Amino acid sequence: MTQYNLSGKIALVTGGSRGIGRSIVQMLSESGATVAFTYRSRKEEADSLVAELQSKGGKAVAFQSDAANTAQSNDVVQGVIKEFGRLDILVNNAGITKDGLLMRMSEQDWDDVIATNLKSVFNFTKAAVRQMMSQQSGKIINISSVVGITGNAGQANYVASKAGVIGFTKSIAKEIASRNVQVNAIAPGFIETEMTEKLNEKQKESILGIIPMRRMAKPEEVASVVCFLASDGANYITGQTLCVDGGMVM
Ligand code: NDP
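These numbers were taken from a predicted model, which means no experiment stands behind them.

About the thresholds
Residues numbered from 1 in each chain as written. Predicted model: local features only at pLDDT ≥ 70, side-chain atom pairs only at ≥ 80, totals over all residues. Heavy atoms only, no water. Near = heavy atom within 4 Å. Polar contact = N/O pair within 3.5 Å; in protein donor to acceptor, adjacent residues only side chain to side chain. Areas by Shrake-Rupley, 256 points an atom, 1.4 Å probe, with all protein chains shown as cover. Helix = DSSP H or I, 4+ residues; strand = E, 2+ residues; numbered from the N terminus. Nonpolar A, V, L, I, M, F, W, Y, C, P; charged D, E, K, R; others polar. Core = buried A, V, L, I, M, F, W, Y, C linked by side-chain atoms within 4.5 Å. Buried < 20%, exposed > 50% of the residue type's maximum accessible area, 1.4 Å probe, protein only. Phe/Tyr/Trp six-rings, centres within 6.5 Å; stacked < 30°, edge-to-face > 60°. Contact = heavy atoms within 4.5 Å. Expected span 1.5 Å × (residues − 1). Pairing = 2+ DSSP bridges. Axes fitted to C-alpha atoms, helices over the stretch in contact; angles between N-to-C directions. Parallel < 35°, antiparallel > 145°, perpendicular 65-115°, else oblique. Left-handed = near helix turned anticlockwise from the far one by under 90°.

S.K.: I keep staring at the site of the ligand and nothing clicks. Help me out?
M.R.: Around the ligand lies a shell of 30 residues, among which Arg18, Ser41, Asn93, Tyr158 and Thr193 are the nearest. Here Ser17 contributes a side-chain N or O atom positioned 2.8 Å from an oxygen atom of the ligand. Here Thr193 contributes a side-chain N or O atom positioned 2.5 Å from an oxygen atom of the ligand. Considered on its own, the ligand offers 900 Å² of accessible surface; in the complex 97% of this is hidden by protein. Mapped onto the shell around the ligand, the elements with two or more residues apiece are helix 1 (19-30), helix 6 (156-176) and helix 7 (194-197). Broken down by element, the shell around the ligand gets its largest block of residues, three residues, from helix 7. For the shell around the ligand, the class distribution of residues is 11 nonpolar, 13 polar and six charged.

S.K.: Is there a simple way to explain the nonpolar core in this structure?
M.R.: Most often, soluble globular proteins keep nonpolar side chains buried together rather than apart. Counting residues in hydrophobic clusters, the biggest one holds 33 residues, and the most contacted among them are Val13, Ile24, Leu28, Ile89, Val91 and Ile186. For this core, the secondary-structure elements that each account for two or more residues are strand 1 (10-13), helix 1, strand 2 (34-39), helix 2 (43-55), strand 4 (89-92), strand 5 (138-143) and helix 9 (220-230). Among the elements that line this core, the one with the most residues is helix 9, at seven residues.

S.K.: What should I look at first to understand the packing of aromatic side chains in this one?
M.R.: Overall, the coordinates contain one aromatic pair when judged by the stated rule. Seen in terms of ring centroids, Tyr4 and Phe228 are 5.9 Å apart; in terms of plane orientation they differ by 50°. Their pairing is tilted. Of this pair, Tyr4 sits in the segment before strand 1 while Phe228 sits in helix 9, and the two are 224 residues apart along the sequence. On the basis of relative accessible area, Phe228 is assigned to the partly exposed category, the value being 23%.

S.K.: What exactly am I supposed to notice about the side chain of Thr38 here?
M.R.: Within the secondary structure, Thr38 sits in strand 2. Among the polar contacts made by the side chain of Thr38, one reaches the main-chain amide nitrogen of Gly15 at a distance of 3.0 Å. In this structure Thr38 touches Leu12, Val13, Thr14, Gly15, Gly16, Ser17, Phe63, Ser65, Val76 and Phe124, once residues within four positions along its chain are discounted.

S.K.: Even after reading the chapter, I still don't get helix 1, so can you show me in this structure?
M.R.: Helical periodicity: at 3.6 residues per turn, an α-helix aligns residues three or four positions apart in one direction. The end-to-end C-alpha distance of helix 1 is 17 Å, a good match for the 16 Å that 12 residues give at a rise of 1.5 Å each. Helix 1 sits mainly inside the fold: 10 of its 12 residues count as buried. Residues of helix 1 that are buried: Ile20, Gly21, Arg22, Ser23, Ile24, Val25, Gln26, Met27, Leu28 and Ser29. At the C-terminal side of helix 1, Gly32 shows a positive phi close to 110°.

S.K.: Where do I start with the environment of Val91 in this structure?
M.R.: Inspection of the secondary structure assignment puts Val91 in strand 4. Put simply, Val91 and Lys126 are 35 residues apart on the chain and 13 Å apart in space, counted from C-alpha to C-alpha. In contact with Val91, other than residues within four places in its own chain, are Leu12, Val13, Thr14, Ile24, Leu28, Ile141, Ile143 and Val226.

S.K.: What should I look at first to understand the sheet that holds strand 4 in this one?
M.R.: Remark on secondary structure: sheet strands pair via backbone hydrogen bonds, oriented parallel or antiparallel. In space, the seven strands of this open sheet follow the order 3-2-1-4-5-6-7, with parallel pairing throughout. The sheet terminates laterally at strand 3 (60-64) and strand 7 (241-244), the two strands that pair on one side only. Strand-to-strand, the axes of this sheet are offset by a mean angle of 20°, without reference to chain direction. Judged from the five bridges that link them, strand 2 and strand 3 form a sheet pairing that is parallel.

S.K.: Would you explain the packing of helix 4 (residues 107-135) against helix 6 in this entry?
M.R.: Packed helix pairs are specified by the crossing angle of their axes together with the interaxial distance, meaning the distance between the axes. Across the interface, helix 4 lies against helix 6 with an axial gap of 8 Å and an inter-helix angle of 15°. When the interaxial angle is binned, helix 4 and helix 6 end up roughly parallel. Note that helix 4 runs across helix 6; the crossing there is right-handed. Residues Asp109, Trp110, Val113, Ile114, Asn117, Leu118, Val121, Phe122, Thr125, Val129 and Met133 of helix 4 lie in contact with helix 6, whose contacting residues are Ala156, Asn157, Tyr158, Ala160, Ser161, Lys162, Gly164, Val165, Phe168, Ile172 and Ile176. Looking at side-chain class alone, the contact of helix 4 with helix 6 contains 15 nonpolar, five polar and two charged residues.

S.K.: Teacher, can you tell me more about helix 6 here?
M.R.: The end-to-end C-alpha distance of helix 6 is 30 Å, a good match for the 30 Å that 21 residues give at a rise of 1.5 Å each. For helix 6, the set of buried residues is Asn157, Tyr158, Val159, Ser161, Lys162, Val165, Ile166, Phe168, Thr169, Ile172, Ala173 and Ile176. In this structure, the buried residues of helix 6 make contact with helix 4, strand 5, helix 5 (147-150), strand 6 (181-188), helix 7 and strand 7.

S.K.: How should the side chain of Ser145 be read in this particular structure?
M.R.: Within the secondary structure layout, Ser145 lies in the loop between strand 5 and helix 5. Owing to a relative accessible area of 5%, Ser145 belongs among the buried residues under this scheme. Excluding its chain neighbours within four sequence positions, the residues that come into contact with Ser145 are Tyr158, Lys162, Ile186, Ala187 and Pro188.

The structure is reproduced here in C-alpha cells:
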C-alpha cells in the first residue's frame, strides 16, 4: 500500500481498538504519526495494539472513554494536547449498529446509535477545533457510510447518524476552511470487521450482488484513504465524502 509521510504528526482516533479503527491506528503509526486512540470496553485489545505499535518503534497511547459522553471526550482531547503539545489529525471512527425495522425500533436503540455515531463526532470535533485553528492546520476525517447516502431498510437510526455525519462534515468544513483545517468524510461500503460478521450468509450473498467489485474490503483499504486525507497531498480537499465501496455508489 502507498505510504504517506505523517512523521511528527499527532493523531487521535476514536474507536481504535478493533476493526477499521485498529487498521487506521496501525497505518497512521506506520506512516510516522504518534497515535492516541480511544476504546469503550475491550481493554485487552487496546493494550495489545499499544504493545504492537511500541514494539515496532511507534509511539501510541490508549484512552478508555465513551465517545458519546461529552465530558469524557473533552478530557481525552485535552489529555492528548497536554501530553503531545498539539493535535494534527482527528479521525472520528467509533460507531455501532442496532438494526431493526422502524416499527420495532426502540427509543433506546435510536438514542444509542445517534449518540455513539453522531454526537461523538460533535464531541471530539468541538474539543479539537480550537487547538487546530490556533495551529492554523489540522485534518478531521469522519467515518460515515455509503448507507448515509443511499438509505437502507432496517437501519433508520444508523443511516440517520451517518447522513448526519456527512452534513456535519460539510458545515464544519465551511466554518473552518479559512483557518487551514480540512474536514472530510469517508463513506465505506462493506468492510470485513465484527460489525459485518453479524450478517448471515444470505445477507452477505445479496450484498456481494450489489458491489460491482464483487468483494468486501479489508479494513486497510479504508485506512489508506484516511492516511491520504491526513497527508499534505490532500491539503486542498475539504467538505468531501469519499466512497470506499468497490463501486456501489457512483
Ligand atoms: P467494529 O465494531 O469492528 O469496531 C468498533 C470500534 O469502535 C471498537 O474499537 C469499539 O471499542 C469502538 N466503540 C464502539 N462504541 C464506542 C464508544 N461509545 N466509545 C468509544 N469507542 C467505541 O466496527 P467497524 O470497524 O466495522 O466500524 C468502524 C466505523 O466504520 C464505524 O463508524 C462504522 O459505522 C463505520 N462503517 C463500517 C462499515 C463496515 O462494513 N464494517 C461500513 C461503513 C461504515 P470496543 O472494542 O471497546 O467496544
